[in-house]
Amino acid sequence: MLKYFAKRILWMIPIVICVALLIFSLMRLIPGDPARMLVSRDATEEEYLNKRVELGLDEPFLTQLGKFLTDTFLHFDFGKSYMTKTSISRDIGPRMVRTMELGLLAAAFAMITGILLGITAATHVKKWQDSLCMIIALVGISMPAFWAALLLIMLFSVKLQLLPPSGIGGIQYYILPAISVGLYGTATFARQIRSSMLDVIGSDYVTTARSKGLTEREVIYKHALPNALIPTITIIGGFLGQMFGGSIVIETIFSIPGMGLYLITGINNRDYPVVQTCVILLSIIFCIAMLLVDLAYAMVDPRIKARYASSKVKRNK
Amino acid sequence: MSANEEMIRRLAKDRLAMLGLLIFVAEIIVAVFAPLIAPSDPFAMDFTSMLSAPSSAHLMGCDEMGRDIFSRIIYGTRYSLGLGISVVVVSTIAGTIIGAIVGYFGGVADAVIMRIMDVFQSIPSLLQSVVISVVLGTGFFNTLLALSIHRTVGSARLLRGSIMGMRHMEYLEAADALNCSKLRTILKHVLPNSFTPMIVYATAGIASAIMSASTLSFIGLGIIAPTPEWGAMISSSRNYFIEYPHTVLFPGLAIAITVFALSVLGDGLRDALDPKLKN
């Protein structure tokens, strides 16, 4: 199994390089010349050409690409922002931390509420609690994150004046964004946990646990839940993808200076290096997260472990 | 075909899925007959009723340009629903072609295309759509393309998976033994048998495509104002929503109801097609 994961980690290197290559090339296809945008409207042709040289845009595509790849992957230097002229490698650090904080909070929120809803539904199957939990889950799936964010601001910041509508600071600034990003996760976790709990509750070892005279609480939390959580791990992958995408939009709504806001500002300013860096780093984080999900899945499920251990290894996503 | 009848019978018993189907069909009708249903021109500006609250004259009020929100939502079905359905149709066709080729022939084509798809799948989907739509620009067809690429990879993988699973089935060996051409085998035997997972994936896909499309439009990519796409409507009224919540409430509800309908329909289809749940 170790060999399998070592192979997966090594595979990430060419994939990340290809992502970088793809993004770099796409950036060059964007209509609109960044040098033209950066010089003033009445700049002379000479000023414009100088700007192009300054940004390195006058060199042939392949030279630019080669320089970009060696700088990024050998020196971990993402270049300078066209707009602010500051080093992206330095700027990106705190932004990455904020995006990760938001992501982790959202994931924690989604897990906790999702598990609670799922268990409540599964232990009251076909009763009103079940219907209520599943309706909440369906509403969560149906609402666009950005719309939910606006509604939350309306309710908690404007009407109740409990939480700040935007900016950064203490934990209270992260509550509404985390809920907006995590809502979709809550809903998918709740649905998955309900169905896998129902599978598990009917199984022999749960009947055994009951007949041993354990309380219902012990049966559910000690015996049924750990096993019901195993299939849930697989949907974390999809949730993470959603979360990284969602954070781009949510950060702009709540003005959180994370990677999402950096990316959108970069796009609006034709700031190629910023956009490249954000996309590449978000993809690397995403790949690592997916790998960890697969690893966790293999660790907890002995059947999968056995399959990886056997010689015939097949990649599955 | 009795298997299909059985499936339809089971689907018909699922009341929530039927509600989803009803809403979906109703919205398609609304999209087709939008000019007949909408009370006023969705682009007509009326500065005397700017940001006016819902009333009998304007069922859902007016936006910041004094345009009738109800009419805009009616016309919006054409863009939002139209985009969602087109994305799924385009990506399913493209994905089927790619998936059928790699799944059936295997070998070098499979290895190369799968590695390319790995690269695409390691970029989070919305991020990918954002980058592509920045490159292509705004508008219906550019957004269609930006959203289809990620889904094409997904459906190609799905089809490849199910073809891999049936490659050594006896009926394919039989087709081979009868000297059936490869093209004919794929069209007549392979595709019909991989149809069910594709249908479920496609139904859920319309919902997620609508969601992604509205998100793109919200951040100013995708389809932009004054076109009445629902996400674009929310985006353009965003600065007024605290004083005039109706401007973002109704377009958002339109998205939520549509996604809800398609999600429950997708769930219903999946359950109806799952032989394990037969009772």
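Residues numbered from 1 in each chain as written. Chains lettered and ligands numbered in written order. Predicted model: local features only at pLDDT ≥ 70, side-chain atom pairs only at ≥ 80, totals over all residues. Heavy atoms only, no water.

### Considerations on a nonpolar patch on the surface
All names here are of chain B. Applied cut-off: Nonpolar side chains (Val, Leu, Ile, Met, Phe, Trp, Tyr) within 5 Å and like charges within 9 Å form the patches, drawn only from residues with over 30% relative accessible area and no salt bridge. The protein chains shown are the only cover counted for residues, whose accessible areas, like all others here, come from Shrake-Rupley with a 1.4 Å probe. For this analysis, a salt bridge means a side-chain nitrogen from Lys or Arg found within 4 Å of a carboxyl oxygen belonging to Asp or Glu. Every helix listed is a DSSP run of H or I at least four residues long, and every strand listed is a run of E at least two residues long, numbered separately from the N terminus.
Taken together, Leu21, Val25, Ile28, Ile29, Val32, Phe33, Leu36 and Ile37 make up a surface patch of nonpolar side chains, about 690 Å² in accessible area. Of the residues forming the nonpolar patch, the biggest block, five residues, is contributed by helix H2 (residues 15-32). Its place among the elements puts Val32 in helix H2.

### Considerations on the packing of helix H6 (residues 125-136) of chain B against helix H7 (residues 140-166) of chain B
Residues and elements named next belong to chain B. How we decide: Here, axes are lines fitted to C-alpha atoms. For helices the fit covers the stretch in contact, and angles between N-to-C directions go from 0 to 180 degrees. Left-handed is the label given to a crossing in which the near helix is rotated counterclockwise from the far helix by less than a right angle, and right-handed is the label when the rotation is clockwise. Only heavy atoms enter the contact rule, under which two residues are in contact if any of them lie within 4.5 Å. Lys, Arg, Asp and Glu make up the charged group, whereas Ala, Val, Leu, Ile, Met, Phe, Trp, Tyr, Cys and Pro make up the nonpolar group; the residues left over, Gly among them, are polar.
Close contact between H6 and H7 brings their axes to 8 Å; oriented N to C, the two are set at 145°. Handedness of the H6/H7 crossing: right-handed. Where H6 approaches H7, its residues Ser125, Gln128, Ser129, Ile132, Ser133 and Leu136 are matched on the opposing element by Asn142, Leu145, Ala146, Leu147, Ile149 and His150. By residue class, the composition of the contact of H6 with H7 is six nonpolar, six polar and no charged.

### What about unusual backbone geometry?
This is how the line gets drawn: For every residue, the accessible area (1.4 Å probe, protein chains only) is compared with the maximum for its type, and the residue is labelled buried under 20%, exposed over 50%, or partly exposed between those bounds.
One non-glycine residue, Arg270 of chain A, lies in positive phi territory at about 55°. Relative to the helices and strands, Arg270 of chain A resides in the loop between helix H11 (259-268) and helix H12 (272-300). Arg270 of chain A sits in the partly exposed class, given a relative accessible area of 24%. For Asn179 of chain B, which is not glycine, the phi dihedral falls at a positive 65°. Relative accessible area serves as the criterion here: at 70%, Asn179 of chain B is assigned to the exposed category.

### Here we look at the packing of aromatic side chains
Heads up, the condition is: Note on ring pairs: Phe, Tyr and Trp rings are taken, using the six-membered ring of Trp, and paired if centres are within 6.5 Å. Classes follow the plane angle, with under 30 degrees stacked, over 60 edge-to-face and the rest tilted. In this scheme, Lys NZ or Arg CZ marks a charge over a ring once it lies within 6 Å of the ring centre and within 35 degrees of the ring normal.
Tallying each qualifying case throughout the model produces four aromatic pairs over all chains. Between Phe24 of chain A and Phe61 of chain A, the ring centres sit 5.8 Å apart and the planes meet at 45°, which makes this aromatic pair tilted. Separated by 37 residues along the polypeptide, Phe24 of chain A in helix H1 (residues 2-29) and Phe61 of chain A in helix H4 (residues 61-74) bring together distant segments of the chain. On the accessibility criterion, Phe24 of chain A (2% relative accessible area) is buried. Arranged with centres 4.3 Å apart and planes meeting at 15°, the rings of Phe146 of chain A and Phe218 of chain B form a pair that is stacked. Pair noted here: Phe146 of chain A is in helix H7 (residues 145-159) and Phe218 of chain B is in helix H10 (residues 195-218), and the two residues belong to different chains. Residue class for Phe218 of chain B comes out buried when judged on its relative accessible area of 2%. Members of the aromatic cluster, each reached through a chain of ring pairs, are Phe24, Phe61 and Phe68 of chain A. Just above the ring of Tyr262 of chain A sits the side chain of Arg95 of chain A; from NZ or CZ to the centre is 4.1 Å.

### Section: the side chain of Arg160 of chain B
As for its placement among the helices and strands, Arg160 of chain B is situated in helix H7. The residues contacting Arg160 of chain B, other than those within four sequence positions of it, are Gly99, Val102, Gly103, Asp110 and Met114 of chain B.

### Some points on the interface of chain A and chain B
Put simply, the rule is: Buried area is a sum: the accessible area each of two parts loses on coming together, probed at 1.4 Å, counted once for each and added. Counted as a polar contact is a pair of N or O atoms within 3.5 Å, where, for protein atoms, one must be capable of donating a hydrogen and the other of accepting one, and residues adjacent in sequence contribute only when both atoms are in side chains.
Contacts between the two partners involve 42 residues from chain A and, on the opposite side, 36 residues from chain B. Counting the surface lost from both chain A and chain B, the interface buries some 3500 Å², and carbon and sulfur atoms represent 81% of this. When the area that chain A buries against chain B is broken down by residue, the three leading residues are Phe146, Trp147 and Leu150 of chain A, summing to 17%. Applying the counting rule to chain A against chain B returns one salt bridge. Note that Arg191 of chain A is salt-bridged to Asp267 of chain B, the shortest N-O span being 2.8 Å. Counting across the chain A and chain B interface gives three residue pairs in polar contact (both at pLDDT 80 or more). For the side of chain A that touches chain B, the secondary structure elements donating two or more residues are H1, helix H6 (128-142), H7, helix H10 (216-254), H11 and H12 of chain A. Sorting elements by how many residues they give to the side of chain A that touches chain B places H1 of chain A first, with nine residues.

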